Amino acid sequence: MRVRAGHEISHARRARRRGTPAVAAAVALALVNTACSSGRVGLPLPTTVATGTSISTPSHDDQVAGLPVLQVVGARLELTSRQRFVMRGVIIYAMPFYETDSKADPALASVTEQAYANRRAIFARVKALGFNTVKIPISAEIYASDPYGLGGPNGYLARLRTIVDAATSEGLYVVLGWWDALGEGYSVLKEYPSQFPMMKAVAHLFRDNPDVVYEPFNEPNQINWDQWVVMSEKMVQYWRATIGYRGVIIADTKDYSFNFDPTYVGALIRYDGALLGKPNLLIANHRYPNRHTCFCGASFAGWESLVGQYIGRFPLLGSEYGIFNPIGPVELSWGESFLTYLKDKAIPMGFNGALIFVWNWVDPNTMTNLTTGKLTAWGKTVARALGTPASGVSAS
């Protein structure tokens, strides 16, 4: 299991536990019992393909000028032209997505306000460095409670729309990731349905922008694989059948998306395929050094065992990579060797890209100096590794 990164320990919001462990356990047991009655891992496969109105392929009248639509074909992320697409991007703190002691976090408020004010310049710079994707953390709880005074749900959505429009106008794809699951731990089994209404509102907001894809559960943790697959299939079912979204969804695995199990991940992919006719899922992987000074030895062996052997067989994406955990020093050398491996080995083998933590923050993972705006050593490393396509992989 991955040790939680420094930003998760020091700055992740303290989720309000509305459900006790006993209640969450009862909910989880009911879900798993329902799944087991079908004789397969996860929920019974749906017998009909979702036919709801698609909100990922706008009508001609509503279509905005944008980038080619993304799709997952087998284990590969592609454009609709069937050209391979590799996500090369950064995570940007541009929206409030957690609170500290039930209040707005001062550091997050300052960083996100600065990013919002300078959004066009930031996205233009990200694009100029060679990246093609940005990931924006968001939160259903902050959307509902409004501790940052953005004007309630409507104000939150209005700011999000402004940010996303600024990014896509620069030719960047946008991943919107809900950070709620990270702080909820085991309670996510009870809490996750409460996040669905915001997900529906966000999907509706961007129904005319196919350049936006979604990562509904960032880093679920303290749950087992049976609980994970049922929760994830319920999420996919909601997005496909209730919302009507047919575009790419990024699904994080358990243990902060550090872990991988082909049986359970395969079950989720098949479930999505049963809903859509063919699956359109990416499976997220996250990594931090966890005391390793290089991506070698035990670090590499662990990766190969959990992830590397499945490259090209499953649609894998690195949706969060950083260099700092509080259990040890900043490991820039690990980051350098890991990104070199991704560019020279993993991506040419079929890995679908990497999103780096983090463009703008107050810990050593930051890629930019918040005062001067200059790239840090980590920022320069990321730009060198991901600012240009991997060898043999066409530019995208």
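Turning to the overall build of the chain, a few remarks are in order. When you go through the chain residue by residue, the secondary structure sums to 15 helices and 12 strands. Expressed as a percentage of its 396 residues, the buried residues of the chain come to 59%. The contacts of the chain with a sequence gap of at least 6 include a subset with a gap of at least 24, amounting to 81%. Accessible surface, the chain: about 14,400 Å² in total, of which carbon and sulfur atoms supply 55%.

Below, the discussion takes up helix H9 (residues 196-205). Because each turn of an α-helix spans 3.6 residues, side chains separated by three or four positions end up pointing in the same direction. Taken residue by residue, H9 has Phe196, Met198, Met199, Val202, Ala203 and Leu205 as its buried positions. Summarising the contacts, the buried residues of H9 are in contact with strand S6 (133-138), helix H5 (140-145), helix H6 (152-169), strand S7 (173-178), strand S8 (212-215) and helix H10 (225-243).

Below, the discussion takes up the state of the cysteines. Taken as a whole, this structure holds 1 disulfide when the rule is applied. Residue pairing for Cys294: its cysteine sulfur links by disulfide to Cys296, the two sulfurs lying 1.7 Å apart.

As for its position among the elements, Arg159 is in helix H6. Not counting residues up to four positions away in its chain, the partners in contact with Arg159 are Met95, Glu113, Tyr116 and Leu150.

A word on the packing of H9 against H10. For the pair H9 and H10, the least separation of the axes is 11 Å and the interaxial angle reads 45°. Classified by the angle their axes make, H9 and H10 are oblique. As H9 runs across H10, the sense of the crossing is right-handed. Every residue of H10 that contacts H9 at Phe196, Pro197, Met199, Lys200 and Ala203 is listed here: Lys234, Met235, Tyr238, Trp239 and Ile243.

Another aspect to go through is the packing of H6 against H9. The N-to-C vectors of H6 and H9 enclose an angle of 40°; their axes lie 11 Å apart at closest approach. With respect to H9, the axis of H6 lies oblique. Where H6 crosses over H9, the handedness of that crossing is right-handed. Between H6, through Tyr156, Leu157, Leu160 and Arg161, and H9, the contact on the second element is made entirely by Met198, Ala201, Val202 and Leu205.

One pass over the structure, following the stated rule, counts 9 salt bridges. Of the charged contacts in the structure, one is a salt bridge between Lys254 and Asp255, with a shortest N-O distance of 2.9 Å. Comparing Lys254 with Asp255, the two get one shared label, buried. When salt bridges that share partners are traced, they join Arg76, Glu78 and Arg82 into one network.

Enumeration according to the criterion identifies 32 aromatic pairs in this entry. With 5.9 Å between their ring centres and 70° between their planes, Tyr93 and Phe357 make a pair best called edge-to-face. With Tyr93 in the loop between strand S3 (87-91) and strand S4 (99-100) and Phe357 in the loop between strand S12 (353-356) and helix H15 (377-386), this residue pair connects regions lying 264 residues apart in the sequence. The exposure class assigned to Tyr93 is buried, which follows from its relative accessible area of 1%.

Looking now at the pairing of S7. Burial runs high along S7: 6 of the 6 residues are buried. What you see with S7 is no split at all: Tyr173, Val175 and Gly177 on one side and Val174, Leu176 and Trp178 on the other are buried throughout. Strand direction decides the pairing type here: S6 and S7, joined by 6 bridges, are parallel. Opposite Ile136, over in S7, you have Leu176 as the bridge partner. In this sheet, S8 lies alongside S7 in parallel orientation, the contact comprising 4 bridges. When the bridges of S8 are listed, Gly177 appears paired with Glu215.

Once that is clear, we can look at unusual backbone geometry. Going from Phe357 to Val358, the amide bond is cis rather than trans, its omega being 5°. By the secondary structure assignment, Val358 is in the loop between S12 and H15. Within the chain, Glu219 stands out as a residue other than glycine whose phi angle is a positive 55°. Position of Glu219 among the secondary structure elements: in the loop between S8 and H10. Backbone geometry places Gln222, a non-glycine residue, at a positive phi of 65°. Take Gln222: it is sitting in the loop between S8 and H10.

Along any regular strand the residues' side chains alternate between the sheet's two faces. Taking burial as the measure, the 6 residues of strand S11 (residues 316-321) include 6 buried ones, the bulk of the element. Pairing of strand S10 (residues 281-287) with S11 involves 5 bridges; the strand directions are parallel. Looking at the pairing, Asn285 lines up with Gly318 of S11. Once the chain exits S10 it traverses helix H13 (residues 297-306) before rejoining the sheet at S11, and the crossover so formed is right-handed. Regarding the hand of the β-α-β motif, the stretch spanning S11, helix H14 (residues 332-349) and S12 is right-handed.

Reading the values: the criteria
- Residues numbered from 1 in each chain as written.
- Predicted model: local features only at pLDDT ≥ 70, side-chain atom pairs only at ≥ 80, totals over all residues.
- Heavy atoms only, no water.
- Helix = DSSP H or I, 4+ residues; strand = E, 2+ residues; numbered from the N terminus.
- Buried < 20%, exposed > 50% of the residue type's maximum accessible area, 1.4 Å probe, protein only.
- Contact = heavy atoms within 4.5 Å.
- Areas by Shrake-Rupley, 256 points an atom, 1.4 Å probe, with all protein chains shown as cover.
- Disulfide = S-S within 2.5 Å.
- Axes fitted to C-alpha atoms, helices over the stretch in contact; angles between N-to-C directions.
- Parallel < 35°, antiparallel > 145°, perpendicular 65-115°, else oblique.
- Left-handed = near helix turned anticlockwise from the far one by under 90°.
- Salt bridge = Lys/Arg side-chain N within 4 Å of Asp/Glu carboxyl O.
- Phe/Tyr/Trp six-rings, centres within 6.5 Å; stacked < 30°, edge-to-face > 60°.
- Pairing = 2+ DSSP bridges.
- Right-handed = clockwise from strand over helix to strand, strands pointing away.

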